[in-house]
Amino acid sequence: MSSNDEVNDGQSGLSRRTVLGSTVAVAVAAPLVAGVAEATASSSAVAAAAETVSVRVKVNGTMRTVVVDPRVTLLDTLRERLGLTGTKKGCDRGQCGACTVHVDGERVLSCLTLAATTDQREVTTIEGLANGDRLHPMQQAFIERDGLQCGFCTSGQIMSAVAVVEEGRAHSDNEIKESMSGNICRCSCYPAIVEAIKDAQKVMR
Amino acid sequence: MHPYTFSQPRSVRDALSTAGPGAAFLAGGTTLVDLMKLDVMTPGHVLDINRLPLRGIRRDRDGLHIGALDRMSDVAAHRTVRESYPVISQALELSASGQLRNMASIGGNLLQRTRCGYFRDVTTPCNKRTPGSGCSALNGVNRNHAILGTSDACIATHPSDLAVALVALSTEVHLASTQGVRTVLLDRFYEVPGNTPHLENVLRPGELITGITVPHLPWAAKSLYLKIRDRQSYEFALSSAAVALEMSGRTIKQARVAVGGMGTKPWRLTNVEKALAGRRAGEAAFEAAVENAADGARTRALNGFKPALLRRTLVRALTALTTESR
């Protein structure tokens, strides 16, 4: 799917997908709210659900404009609206680190970041790390050290690892383990991940 | 997630005039977005306050000033904080993960909600979430729950590490509302649950934390935060201690002591502080001084180990602080 289908030009206001998205949000919200509140409350709540926020955000170096429901996370915006599915949804609760991206150069959890708060900010995802066909040293090191098995946590691990090196928190195995503790790997590739970070650090500096 | 309207005020005045019952301030979002997804928090309006000028770490004669929107990672790394108030820096570094510390604000950290599993699960009774519905933790899975400041309505543990360090240092919190500004001692900012566990602090509807001031305390340079947890990293405290000591040779002149993981709010232990004053540092003296630290504790079926753990955490923290080379 081309990005033109999904992203507004910033002038027409609403794209086809936005309209569909908003309609779905209203349809889903109404019965949920009606179940717990009086009819008057639900009608105002539904009105609120139709509200959208226009966000201009630089993603991997390209300025994008998206119109989003204010409840939508950066994670869902990247995956569902911008087609950047490299960022993974693990727990969706800020507990596993699979959704780690960089916002304004710092590693954050995209599942706990509302897209509406990223207006005028810069987001880097796993898709933005490589330089053309040349992998980022951290990506290369994860491959060479077998720092993954199933791979689901890997993009979060790599985004976090790049930041850990840039933060200067990779001086020892123990410091790397502590700095990377917010990225869970169910396959338990931790020793290989530590080795990969140590390798990449030498190239990054 | 329940629907809400969204705004991004540019000034504190605009934020306060828009806030009120049913509205929630959004800073780092690490608590609010999580709890909105779980339907535990259902604000009708969300104010993104990240554009407000509430940042800046500076020191003057009154002490250390930190803005409500300064991030945990920035405060932890700040040179003045590391050198003059290591207990604050350590409490922050031992909190959450690198990603979460980059996101979470100081004001938000002080307002983070309990990790009690029943509070987070809308299918179970919880007096804190739904007043009058009952407390599932009293006879439930309560291993991590509080033993100090509890009531028959709530035994939820306060989760913040930072707040434990700040309470030990007599930190003040600055508040603003349309009615004006006021300053409250952080220890008095928090309230024990009693019969109203849904009221966790003295914040009024629409009132905003704008910053904190840690009083000037030169001897806080000798301070430490010790955190005991079920895994080595990225976990909430089962027990923790913030300690600062003013020493004269090997003799303790004054002490500041607070504990986490034990109370329904960050728990200052002035009785231990008094018992430490005038003593010569040493394990036997520490054990004597913390003998009554857990006085008033009420344990439940699964957390009967906590009074002993509290005392041992304190002794280990005090021993570490007085034996490390400085």
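Rules of the game
Residues numbered from 1 in each chain as written. Chains lettered and ligands numbered in written order. Predicted model: local features only at pLDDT ≥ 70, side-chain atom pairs only at ≥ 80, totals over all residues. Heavy atoms only, no water. Helix = DSSP H or I, 4+ residues; strand = E, 2+ residues; numbered from the N terminus. Rg over C-alpha atoms; globule rule 2.2 N^0.38 Å. Buried < 20%, exposed > 50% of the residue type's maximum accessible area, 1.4 Å probe, protein only. Contact = heavy atoms within 4.5 Å. Lys, Arg positive; Asp, Glu negative; His and termini not counted. Charge placed at Lys NZ, Arg CZ, Asp CG, Glu CD. 1 Å grid on protein atoms, 1.4 Å probe; cavity = no way out; pocket = protein on both sides within 12 Å on 5 of 7 lines; lining within 4 Å. Points joined across faces, edges and corners; volume = space filled by probe spheres on them. Nonpolar A, V, L, I, M, F, W, Y, C, P; charged D, E, K, R; others polar. Buried area = accessible area lost by both parts, 1.4 Å probe. Salt bridge = Lys/Arg side-chain N within 4 Å of Asp/Glu carboxyl O. Polar contact = N/O pair within 3.5 Å; in protein donor to acceptor, adjacent residues only side chain to side chain. Domains from an automatic or database assignment. Pairing = 2+ DSSP bridges. Axes fitted to C-alpha atoms, helices over the stretch in contact; angles between N-to-C directions. Expected span 1.5 Å × (residues − 1). Phe/Tyr/Trp six-rings, centres within 6.5 Å; stacked < 30°, edge-to-face > 60°.

(A) Here's a closer look at the overall build of chain B. When its secondary structure is counted, chain B shows 12 helices and 12 strands. A compact globule built from 326 residues should have a C-alpha radius of gyration of about 20 Å, and chain B, at 19 Å, falls within 12% of that. The principal-axis extent of the C-alpha atoms belonging to chain B is close to 60 × 50 × 35 Å. Counting only residues that meet the buried cut, chain B has 59% of its 326 residues in that class. For chain B, contacts bridging at least 24 residues in sequence account for 64% of all contacts bridging at least 6. The centroid of the 40 positive side-chain charges in chain B is displaced by 2 Å from the centroid of its 27 negative side-chain charges.

(B) Highlighting empty space enclosed by the protein. Throughout the structure, instances matching the rule amount to one cavity of 30 Å³ or more. Empty space within the largest cavity amounts to approximately 80 Å³. When its residues are assigned to classes, the lining of the largest cavity shows 10 nonpolar, four polar and one charged.

(C) Fine view of the interface of chain A and chain B. With 37 residues of chain A in contact, the opposing surface of chain B contributes 31 residues. Regarding the contact of chain A and chain B, the summed buried area is about 2700 Å², with carbon and sulfur atoms giving 53% of it. On the surface where chain A and chain B come into contact, there are three salt bridges. Two residues, B:Lys37 and A:Asp92, come together in a salt bridge whose shortest N-O distance is 2.8 Å. Between the two partners, chain A and chain B, sit 16 residue pairs in polar contact (both at pLDDT 80 or more).

(D) Quick look at the environment of B:Glu207. All names here are of chain B. Within the fold, glutamate 207 resides in the loop between helix H9 (186-189) and strand E8 (208-215). By relative accessible area, glutamate 207 is classed as buried at 4%. Through-space distance from the C-alpha of glutamate 207 to that of phenylalanine 189 is 13 Å; in sequence the pair is 18 residues apart. Every residue in contact with glutamate 207, bar those within four places of it in the chain, is listed here: Phe25, Leu175, Ala176, Ser177, Arg182 and Val202. Reaching out from glutamate 207, the side chain makes a polar contact with the side chain of arginine 182 at a distance of 2.8 Å.

(E) Seen up close, the pattern of salt bridges. Inspection of every chain in the model, using the stated rule, returns 30 salt bridges over all chains. Among the ionic pairs, B:Arg268 bridges to B:Glu273, the shortest N-O distance being 2.6 Å. A relative accessible area of 9% places B:Glu273 in the buried class. Beyond isolated ion pairs, a larger network of salt bridges with shared partners links A:Arg107, A:Glu167, A:Arg169, B:Arg82, B:Glu93 and B:Arg101.

(F) Region of interest: the domain arrangement of chain A. All names here are of chain A. Split by domain assignment, chain A resolves into domain 1 (3-128) and domain 2 (137-204). Contacts between domain 1 and domain 2 engage 15 residues on the former and 15 residues on the latter. Of all residues in domain 1, His102, Arg107 and Ile126 give up the largest surface area on contact with domain 2, accounting jointly for 48% of the area buried on that side. At the junction of domain 1 with domain 2, the criterion picks out one salt bridge. Residues glutamate 167 and arginine 107 are paired through a salt bridge, measuring 3.0 Å at the closest nitrogen-oxygen approach.

(G) Just the sheet that holds E8(B), in detail. All names here are of chain B. The strand order across the open sheet formed by five strands is E4-E5-E8-E6-E7, and the pairing between neighbours is antiparallel. The open sheet has two edge strands with one neighbour each: strand E4 (57-60) and strand E7 (180-185). Within the sheet, the average angular offset between the axes of one strand and its neighbour, ignoring direction, is 25°. In the sheet, strand E5 (residues 63-67) pairs with E8 via five bridges, with the strands oriented antiparallel. Across the sheet, isoleucine 66 pairs through a bridge with isoleucine 212, a residue of E8.

(H) Inspection of the environment of B:Phe119 at higher detail. Residues and elements named next belong to chain B. The topology assignment puts phenylalanine 119 in the loop between helix H7 (106-110) and helix H8 (162-168). For phenylalanine 119, a relative accessible area of 2% puts it in the buried group. Those residues within four positions of phenylalanine 119 in sequence are excluded, and the remaining contacts are Leu35, Val40, Arg113, Thr114, Cys126, Lys128 and Arg129.

(I) Looking closely at helix H6 (residues 154-166) of chain A. Residue and element names in this part refer to chain A. In this model, H6 (13 residues) spans 18 Å end to end at C-alpha, consistent with the 18 Å of a helix rising 1.5 Å per residue. Summarising burial for H6: 12 of the 13 residues are buried, a large majority. Every buried residue belonging to H6 is among Thr154, Ser155, Gly156, Gln157, Ile158, Met159, Ser160, Ala161, Val162, Ala163, Val164 and Val165, and all of these are buried. Directly beyond the C-terminal end of H6, a positive phi value near 75° is found at glycine 168.

(J) Main features of unusual backbone geometry. The residue A:Asp146 is not glycine, and still its phi comes out positive at about 55°. Take A:Asp146: it is sitting in the loop between helix H5 (137-144) and H6. If you check the backbone angles, B:Tyr234 has positive phi at about 55° while not being a glycine. Along the chain, B:Tyr234 turns up in the loop between strand E9 (223-228) and strand E10 (239-248). Judged by its relative accessible area of 9%, B:Tyr234 is buried.

(K) Structural context of the packing of aromatic side chains. Summed over all chains, the structure comprises one aromatic pair over all chains. The interplanar angle of 80° and the centroid separation of 5.3 Å between the aromatic rings of B:Phe189 and B:Tyr190 together place this pair among those described as edge-to-face.

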